[in-house]
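Coordinates in review
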Amino acid sequence: MTVLQAKIYGKNKLTASPSPQLDTEVILQHVTGLDKTRLLFERDTELSPEQEKSFLESINLRSTGLPVAYIISEKEFYGYNYYVTPDVLIPKPDTEILVEKAVEILDEKINSKLHSGILSICDMCTGSGCVGLSILKYSLEHKIIPEHNIPLLILADISSAALNIARKNAARLFTPEEAANIRFIQTNLFDSVPGNFDIIVSNPPYIPAEEVRNLLTDGRNEPVLALDGDIDLNGNPTLQNDGLGIMRNLVPQAVSRLTAGGALLCESGEYNAQETEELFRQNGLTRTKIHRDLEGQLRVTEGFKNFSESF
Ligand SMILES: C[S@@+](CC[C@H](N)C(=O)[O-])C[C@H]1O[C@@H](n2cnc3c(N)ncnc32)[C@H](O)[C@@H]1O
C-alpha cells in the first residue's frame, strides 16, 4: 500500500468521523514518522509491512469511535505534547484559557512587592497533568519564573492511573532539577493535600450526568470519572443533573486552602459558568469574572481571596 492509497483508504473508511482526512493524515504521520509535507511529496512511497499493519489497525480503531489521541497516545496542548491513554481525559483546546489566565496571575504574583519566598500552585483534578505542567513549562520557557525559584506544584487527582500518566508527562517535559518541586497526590478533592496555595487551578468533571451518558455513546472511551460532575463527596450520584456536584464541594475546600490574596481558577461548562461564579461569590471570593475560551464560550471562572480574611 502506498501513502496515497493509504490516504484514500482512510478517508473512505472513516465516514462516521467529522474529520476523516485529518484523522488519516495524523495516523499516517504517526506510523510512518513522515511529517505532513513529506507525506504530500512521498505519495508513491510504499508502507513497510509493519507500517501497513499498524495503519490498518489504527484506522480500524478510529472507525469504532476511539479518538486519534488515544490511538497515537499523544495530544498537543498549549504547544506541548502530552502522553495520553484512556485513563485520562484528552486535553482540550477549551482548557488553554485556564493555563493562560493562571500564567498571567503567576506573573503578577512573582512581580508583586508583597511576594517573597516560594509560590505554591495546586492543579486539582489534574488528569494528564496538562494544566499544571503547562503553567510551569510555559512560565519557565518565557522566564516568567526564575530557574532558582521554581514554585511548588501539586498535581492532585482521585485516580492513581491518571497520576501515573501525569508523572510520565512531567518526566517528558522537565529536567529532574526543574521537576524537583512537583508533587503528585492521590486524593478526594483536598482530603490528602497538605498546605495552602497562592494559585489553585482546576478543570473538574462538570458535565451533567445525563449528557455524559449521551456523549459516551460515540465510542470516545474517555473516563466517566473525568466527565460526570453530578457526584457527591462519597462518589455517589447527586441526581441534580446540573454538573455542579463536584464544584459545590471543590470551591469551599479550595477557598479554605488559598493564601491571602490567592487566586482560584475553575473551568466549567458554558451552561454552568454563571452558577460557578455565584458559588465563588457565596464562598467569599472577590473580583470574580468569567473568561471566555477561544470559541467565545464562557469557560473559566476566576476569583481572589481577600487579604483581610487571613488577619
Ligand atoms: C475533566 S478531567 C480534567 C483533566 C485535566 N485537568 C484536563 O484539563 O485535561 C477531571 C479529572 O478529575 C479527576 N477527579 C474526579 N473526581 C475527583 C475528586 N473527587 N478528587 C480529585 N480528582 C477527581 C478525574 O480523575 C479526572 O482526571
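Predicted model, so just to flag it, every value in this text is computed and none were measured.

**Comments concerning the overall build of the protein chain**
Helix and strand counts for the protein chain come out as 12 helices and 9 strands. Relative to a compact globule of 311 residues, whose C-alpha radius of gyration would be 19 Å, the protein chain shows 21 Å and is just as compact. With the principal axes as the frame, the protein chain shows a C-alpha extent of 70 × 50 × 35 Å. Taken over 311 residues, the protein chain has a buried fraction of 50%. In the protein chain, the share of contacts with a sequence separation of at least 24, taken over all contacts with a separation of at least 6, comes to 66%.

**Regarding the UniProt feature "domain: Release factor glutamine methyltransferase N-terminal" (unreviewed entry) in the protein chain**
Following the UniProt record, one finds the feature "domain: Release factor glutamine methyltransferase N-terminal" (unreviewed entry) at residues 9-72. Structurally, residues 9-72 is divided into 69% helix and 0% strand, and its ends, taken at the C-alpha atoms, are 18 Å apart.

**Brief notes about the pattern of salt bridges**
A full pass over the atoms with the stated rule returns 15 salt bridges. E74 is the salt-bridge partner of R172, the closest N and O atoms lying 3.3 Å from each other. With R172 in helix α8 (residues 160-173) and E74 in strand β1 (residues 74-77), the pair connects residues that are 98 residues apart, well separated along the chain. Given a relative accessible area of 29%, E74 falls into the partly exposed group. A salt bridge links E222 to K92, with the shortest nitrogen-to-oxygen separation between them at 2.7 Å. Placement of the pair is E222 in the loop between α9 (209-215) and α10 (224-227) and K92 in the loop between β2 (80-83) and α6 (96-111), with a sequence separation of 130 residues. Accessibility expressed as a relative area gives 5% for E222, which makes it buried. Classification of K92 by relative accessible area gives partly exposed; the value is 25%.

Procedures and definitions
Residues numbered from 1 in each chain as written. Predicted model: local features only at pLDDT ≥ 70, side-chain atom pairs only at ≥ 80, totals over all residues. Heavy atoms only, no water. Helix = DSSP H or I, 4+ residues; strand = E, 2+ residues; numbered from the N terminus. Rg over C-alpha atoms; globule rule 2.2 N^0.38 Å. Buried < 20%, exposed > 50% of the residue type's maximum accessible area, 1.4 Å probe, protein only. Contact = heavy atoms within 4.5 Å. UniProt positions renumbered as here; feature names shortened; annotations may be inferred. Salt bridge = Lys/Arg side-chain N within 4 Å of Asp/Glu carboxyl O.

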